[in-house]
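As a plain string of letters, each chain reads:
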Amino acid sequence: MHRFLRSVWNEPRPPHPPARVWRDWALVGVIVPVAVLEGVLRPDLPWRIPSVVLTVALVPTLLWRRTRPLAMLVVVFAVTSLAPLLMGGDAVETYTMAYILVLVYALFRWGSGREAVIGLTIMLVSVPVSILLGRTAPADMIGAFTFIFAVVAAAGTFRYRAGARMRELDQVKLLEREQLARDLHDTVAHHVSAMAIRAQAGLATAASQPDAAADALRVIEAEASRALAEMRAMVRVLRLNEPAERAPGRTVTDLRQLAGRPLTGPSVDVEIAGDLGDLSPSVEAAVYRIAQEAVTNARRHARHATRVEVRVDADDTSVRLRVSDDGDGGSGRPAASPGYGLIGMAERADLLGGTCHAGPGPGRGWTVTAVLPRAGAAA
């Protein structure tokens, strides 16, 4: 119990309370004429003019109910408690003063835990004091407490729902950032591998073919520029909480960009078959990233490999990807301790309800196979 009370007392205010908006001014603009009309039309209102003036004078507290909820509630309760001293012992009994319930709601919706506890204490003490001073009938205490606790329950419910929504959004952002981290690894690793291969080719041909070395430098410059641009875009999202650019994502047809025969390293052959017309964008992006990572790993680790084959085939229910090389049995890539690339490929497939396996091929080399549902139903 002590731990619960301490947690309530230390509860911070909800972040980013709404500033004053036109609805707040509209609320004030409605309550003021209603209070004046009540003063004119209600025949049994004691101390008519002072009651109406006091009711109207306290209406602006609604404008600061979110930013200073406890202060506004204390002002209203203090003024309404001292007013009977100037009105012959009669309390302010305008029906319009029911807007105090809005201040009570705001306190428990937007106030901190200690503000809520202090405000609740003030309200619970003020009602019995009002009964002892003869300003409120004992039978009215039940109704007063009923309204107060109903408003407190409503405020607590909306506060909890808003907090749960914020936690859900934070979780979504965290998952998005994990995906961006995987994309960052896959993209940068691909570009860096391409630069390393071109640099090796340039060094090997610099003496005999100066033009080939210059071509390699131009390729390295282009790959570095693309890698830097993609890194900046992703790091901006990770650091500044900004939305990702709404550029079209990678598709299966982009796999053809991986094909080619570099001056050094294995060549890449891409073959795409089957109906790929209505794939989910998430599935297309996953197929591309898995293939890209597999090709990068083959270029980096497959010893004596001369060829990397990328095969994509689709049927009515699934998309199958197979990336294999003809290197020496996957040396340097033990399955017992997979790197971030292999983990990222498996996570991408699992998030979409598919599977991804990597290991030595049936004859030689290394093979990566992934099977994903067409619609990415589990995404």
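Within an unreviewed UniProt entry, the label attached to the chain reads histidine kinase, and the organism entered is Planobispora rosea. Annotation of the chain in UniProt includes, under Catalytic activity (unreviewed entry), the sentence "ATP + protein L-histidine = ADP + protein N-phospho-L-histidine."

Trainee: Teacher, can you tell me more about unusual backbone geometry here?
Mentor: With the exception of glycine, most residues fall at negative phi, and the peptide bonds are largely trans. In this structure, His 16 is a non-glycine residue whose phi angle is positive, near 55 degrees. Considering the arrangement of structural elements, one finds His 16 in the loop between α1 (2-9) and α2 (22-41). Positive phi values are uncommon outside glycine, yet His 304 reaches one of about 60 degrees. With respect to the element layout, His 304 can be found in the loop between α9 (281-301) and β2 (307-314). Its relative accessible area of 63% is what places His 304 among the exposed residues.

Trainee: Would you mind going over the UniProt feature "transmembrane region" (unreviewed entry) in the chain with me for this structure?
Mentor: Mapped onto the present numbering, the UniProt feature "transmembrane region" (unreviewed entry) falls on residues 70-88, 94-110, 117-135 and 141-160. Within the segment residues 94-110, helix and strand shares are 65% and 0% respectively, and the terminal C-alpha atoms sit 27 Å apart.

Trainee: It is not clear to me how the pairing of strand β5 (residues 366-373) should be interpreted in this structure. Could you clarify?
Mentor: Note on strand geometry: in a regular strand, side chains alternate between the two faces of the sheet. Pairing of strand β3 (residues 318-325) with β5 involves seven bridges; the strand directions are antiparallel. Bridging across to β5, Val 323 finds its partner in Val 368. The sheet contact formed by strand β4 (residues 355-360) and β5 spans six bridges and is antiparallel. Paired with His 357 across the strands is Thr 369, a residue of β5. Adjacent in sequence and paired antiparallel, β4 and β5 are bridged by five residues, among which Gly 365 carries a positive phi angle near 80 degrees.

Trainee: How should I be thinking about the packing of aromatic side chains in this particular structure?
Mentor: Taken as a whole and judged by the stated rule, the model has two aromatic pairs. For the cation-ring pair, Arg 42 lies above Tyr 95, with the distance from its terminal atom to the ring centre recorded as 4.0 Å. Above the plane of the ring of Trp 110 lies Arg 109, whose end atom (NZ or CZ) is 3.9 Å from the centre.

Reading the values: the criteria
- Residues numbered from 1 in each chain as written.
- Predicted model: local features only at pLDDT ≥ 70, side-chain atom pairs only at ≥ 80, totals over all residues.
- Heavy atoms only, no water.
- UniProt positions renumbered as here; feature names shortened; annotations may be inferred.
- Helix = DSSP H or I, 4+ residues; strand = E, 2+ residues; numbered from the N terminus.
- Buried < 20%, exposed > 50% of the residue type's maximum accessible area, 1.4 Å probe, protein only.
- Pairing = 2+ DSSP bridges.
- Phe/Tyr/Trp six-rings, centres within 6.5 Å; stacked < 30°, edge-to-face > 60°.
- Lys NZ or Arg CZ within 6 Å of the ring centre and 35° of its normal.

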